[in-house]
Amino acid sequence: MTTVHTTNFLERKAAILHRKDDNIRRLERQLDLLGMESNVIWPEFDLGASPADVVFYDGDNGYDGIFPWPKGFPPVPLIALISTEAPGRLEWILSQETSAHMVKPIQSSGVYSTLVIAFSNFERRTVLQDQLRALETRVTQRPAVFRALLMIMEQAEVRDDEAFAMLRSAAMNKRQSIENFCTHFDEQTARMLCAKTAPDKKGMQ
Amino acid sequence: MSSNIPVGLLYSTTGTYGVIGHDCLDGALKALEEINADDAYDFSLVPKIENPGGNIDEYQRLTESILQGGRCRQIIGTVTSISRKEIIPIIEKHDVLLWYVAPYEGFECCENVIYTGACPNQHIVPLFGEVIPKFGKQAYLIGTNYVWGWEVNRIARELITACGGDVTGEHYLPFHSTDVERMIDTIRETRPSFVLNNLIGASSYAFFRAYFSAGKTDSFFHPDNCPIVSCNLTECELDKIGYDAARGHLSTAPYFENLETKDNKEFLASLGDRGDPPLPVSVFFVNGYVTAYYLADAIRACGSDDIEMVKAALFDRDFEPPLGPTRISSRTNHAALPSYLGQICSANGFDVLSAKQTTTEADPYLANFNAVQFAADIAAIEQRQSLPHLKVIK
């Protein structure tokens, strides 16, 4: 048992892009029980007028351009309400980066668990995307790190692992990532760094 | 409207939690007997009783059996969450109503179920609101290995953690298991402030007995030092535990037999003795009883046992049952309930230690619950307490 906090959706807003029928009546009732506000938007999809924390949409009738954001980059969790399981429809739903789905008819059970899963998936995806972006940036800065490493190895006459330790230590002192530190690294910086660390090195030898 | 209206009563009156099923069934049957003899009701409620014997594989078949023929549209039944969850798909398929009278772990709100028992904001939250200031913030959590114990213990952990306390351990036993020695050993080693007991039936009885035995050689196991607290322990199980072992421990419920209210005294007087020797009256009996009355009163008001008409007649009206004034919310399908803290006294049920003056609306998804606020309230109580700490550890 590690889950301590009860997931709570109090005062969160849900937009529902679906015609108002019994499914949606049951969905709205459950959202109300969870302390959420819901807003049915149909047939004109104007999400801009109702900023929401989560969007339920009709997975059976959705089409490209239905959402006011670039395809596959929803700013909030998406939950598809589906009755058709045709592969083409499921492919379209997945292409929207949908975080969870509910099968119609919507029942009184399932709304809470779907919300918990959708928010968790969305958060995990956001974290992963941020990590991916950071890693991509670091990869593009690799040549600068490599250049800096070579300069130190040449000037201080040390092995690669020692040169890397010097770089890492210098970057930490500047409170920068190694990659950022190396982006502005030149012969002069290398000379200063080697001069600073040289007595230590000699001492160690 | 037919003058004979069938009502399914689906309770395990045998098996590991048979005592509880028996009380629920007896309460419902007592109410049906009164209703059928009362001219104010121009119909009779005809019980269709089935006993799954605590066997989870029997619940679906027996529910289908009750509903066969399409005449029965109301079932009062099930005690455990696992059995309720088992029959809900059938209840929904036939579009009938299940009246569920037991306390449960919440996080459910089925449109085909009327919940007249307590959910977490009506049991574990008020229980901990009383127990933590009195005994402390070190809790040992135990339960039977299924959703009731898991979820009530998870909420307990949230409450304890919010208050800056610790869970000293958390252990589960399979249904029917009486292998409680490891739990006793853990308590001996970790010395918690109190034990939250979510064990069911025979496991619970064995734990109380073992705790009592441990107390003969180690005074830490006395209820004044480290009580066992429960959300589902009532008068109907005290005889199974043995009053010697049960005495002094605590439980919360929306009703105790020893409630000193005028309504309760009149109710108990009208009830007379239950058998010879007389059985005690527990919240399971009373809730079975009042739930049958909710149903009968709704049918009388709308003139039908059609479930939509019954629900419309039931919701948001005031009832005055023995457990005090209440109403059932159209928003949640749950009853508003009082919560009492009871302490088991020798051979005479529970002494009511404290009572919330008003009923609490059910909040089945804990949507309005705030653990930080709960902790702040506890801290305020602790600050106000001028009495020395109640614990005496020798």
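Throughout this document, residue positions are counted from 1 along each chain, in the order its sequence is written. The order in which chains are written sets their letters, starting at A; the order in which ligands are written sets their numbers, starting at 1. Two thresholds apply to this predicted model, a pLDDT of at least 70 for residue-level local features and 80 or more for giving and counting side-chain atom pairs, whereas whole-chain, interface and lining totals are computed over all residues.

A. Layout of the overall build of chain B. Secondary structure assignment for chain B yields 13 helices and twelve strands. Throughout, radius of gyration means the C-alpha value; the globule benchmark is 2.2 Å times the number of residues raised to the power 0.38. A compact globule built from 394 residues should have a C-alpha radius of gyration of about 21 Å, and chain B, at 21 Å, falls within 12% of that. If one aligns the C-alpha atoms of chain B with their principal axes, the spans along those axes are about 65 × 40 × 40 Å. Around each residue's C-beta, the other C-beta atoms within 10 Å are counted; 20 or more make the residue buried, 12 or fewer make it exposed, and counts in between make it partly exposed. All C-beta atoms are placed from the backbone. The buried share of chain B, taken over its 394 residues, is 51%. Intrachain contacts of chain B at a sequence separation of at least 6 include 71% that bridge at least 24 residues. Under the scheme used here, helices are H or I runs from DSSP no shorter than 4 residues and strands are E runs no shorter than 2 residues, and both carry numbers assigned from the N terminus. Two residues form a contact once the distance between their C-beta atoms, set from the backbone, is within 7 Å.

B. Region of interest: the pairing of strand 11 (residues 340–344) of chain B. Residue and element names in this part refer to chain B. Burial within strand 11 is extensive, with four of its five residues counted as buried. Bridging between strand 10 (residues 250–253) and strand 11 involves four bridges; their strand directions are antiparallel. When the sheet's bridge partners are listed, A253 is paired in strand 11 with Y340. At least two DSSP bridges between two strands are required for those strands to pair. Both strand 11 and strand 12 (residues 350–355) contribute to a ladder of five bridges, which runs antiparallel. In the strand pairing of strand 12, Y340 is matched with A355. Between strand 11 and strand 12, which pair antiparallel one after the other, the connecting turn spans five residues, and A347 there sits at a positive phi close to 60 degrees.

C. Region of the structure containing the interface of chain A and chain B. Taken together, the contacts link 16 residues of chain A with 20 residues of chain B. Throughout this entry, Asp, Glu, Lys and Arg are counted as charged residues, while Ala, Val, Leu, Ile, Met, Phe, Trp, Tyr, Cys and Pro are counted as nonpolar. The remaining residues, Gly among them, count as polar. Taken together, the residues that form the side of chain A that touches chain B break down as six nonpolar, nine polar and one charged.

D. Main features of the sheet that holds strand 4 (residues 78–82) of chain A. Residue and element names in this part refer to chain A. Ordered by their spatial adjacency, five strands build an open sheet running 2-1-3-4-5, and the pairing between neighbours is parallel. Either end of the sheet is taken by a strand with one partner, and the two such strands are strand 2 (37–40) and strand 5 (100–103). With direction set aside, neighbouring strand axes in the sheet form an average angle of 20 degrees. As paired elements, strand 1 (residues 13–17) and strand 3 (residues 54–58) share four bridges and run parallel to each other. Residue pairing across strands places A15 opposite V55, the latter belonging to strand 3. Contacts from helix 3 (residues 111–140) reach strand 3, strand 4 and strand 5, with the element oriented near 160 degrees to strand 5. Each axis is a line fitted through C-alpha atoms, and for a helix only the stretch in contact is used; angles between axes span 0 to 180 degrees, taken between their N-to-C directions.

E. Summary view of the domain arrangement of chain B. Residues and elements named next belong to chain B. Domains are outlined according to an automatic or database domain assignment. The domain architecture assigned to chain B consists of domain 1 (4–118 + 262–314) and domain 2 (122–258 + 340–384). Computed over C-alpha atoms only, the centres of domain 1 and domain 2 are separated by 27 Å. Facing 24 residues of domain 1, the contacting portion of domain 2 comprises 28 residues. Per-element tally for the side of domain 1 that touches domain 2: the top contributor is helix 11 (residues 283–302), with four residues. Residue composition of the side of domain 1 that touches domain 2, grouped by class: 16 nonpolar, five polar and three charged.

F. Region of the structure containing the confidence of the model for chain A. Note: pLDDT gives the predictor's confidence per residue, expressed from 0 to 100. For chain A, the mean per-residue pLDDT works out to 89, and 94% of the residues sit at or above 70. In this model residues 201–205 of chain A is a low-confidence stretch, pLDDT under 50, and it forms one contact with partners more than four residues away in sequence or in other chains.

G. Highlighting the sheet that holds strand 7 (residues 166–173) of chain B. Residues and elements named next belong to chain B. Read across the sheet, seven strands follow the order 7-6-8-9-10-11-12 without closing on themselves; strand pairing throughout is mixed. Because the sheet does not close on itself, it has two edges, and the strands there are strand 7 and strand 12. Between one strand and the next, the sheet's axes are offset by a mean angle of 25 degrees, whatever the strand orientation. As paired elements, strand 6 (residues 138–144) and strand 8 (residues 194–198) share five bridges and run parallel to each other. The residue bridging Y140 from the neighbouring strand is V195, located in strand 8.

H. Highlighting unusual backbone geometry. All names here are of chain A. Note the cis peptide between K104 and P105, where omega equals 0 degrees. Among the secondary structure elements, P105 is positioned in the loop between strand 5 and helix 3. The phi dihedral of E97 falls on the positive side, at around 60 degrees, and the residue is not glycine. Phi at R175 is positive, roughly 55 degrees, even though this residue is not glycine. Along the chain, the position of R175 falls in the loop between helix 5 (160–173) and helix 6 (178–183).

I. Molecular detail of the environment of G8(B). Residue and element names in this part refer to chain B. Looking at the secondary structure, you find G8 in strand 1 (residues 4–10). For G8, a count of 23 C-beta atoms within 10 Å corresponds to the buried category. The spatial distance from the C-alpha of G8 to the C-alpha of D224 is 44 Å, given a sequence separation of 216 residues. When near neighbours in sequence (up to four residues on either side) are disregarded, G8 contacts K48, I66, C72, Q74, I75 and G77.

J. Layout of the environment of C231(B). Residues and elements named next belong to chain B. Its place among the elements puts C231 in the loop between strand 9 (228–230) and helix 8 (235–241). A count of 27 C-beta atoms within 10 Å places C231 in the buried class. Between the C-alpha atom of C231 and that of A292, which follows or precedes it by 61 residues, the distance is 23 Å. Beyond its immediate sequence surroundings of up to four residues, C231 is in contact with P103, H123, I124, L127, V152 and T252.

K. Fine view of helix 3 of chain A. Residue and element names in this part refer to chain A. The terminal C-alpha atoms of helix 3 lie 43 Å apart, and with 30 residues this matches the ideal 44 Å at 1.5 Å per residue to within 8%. Those residues of helix 3 that fall on the buried side of the exposure criterion are V111, Y112, T114, L115, A118, F119 and F122. Lining the buried residues of helix 3 we find helix 1 (22–33), strand 3, strand 4 and strand 5. Between the first and last residue of a helix there are one fewer steps than residues, each counted as 1.5 Å, and that sum is the expected span.

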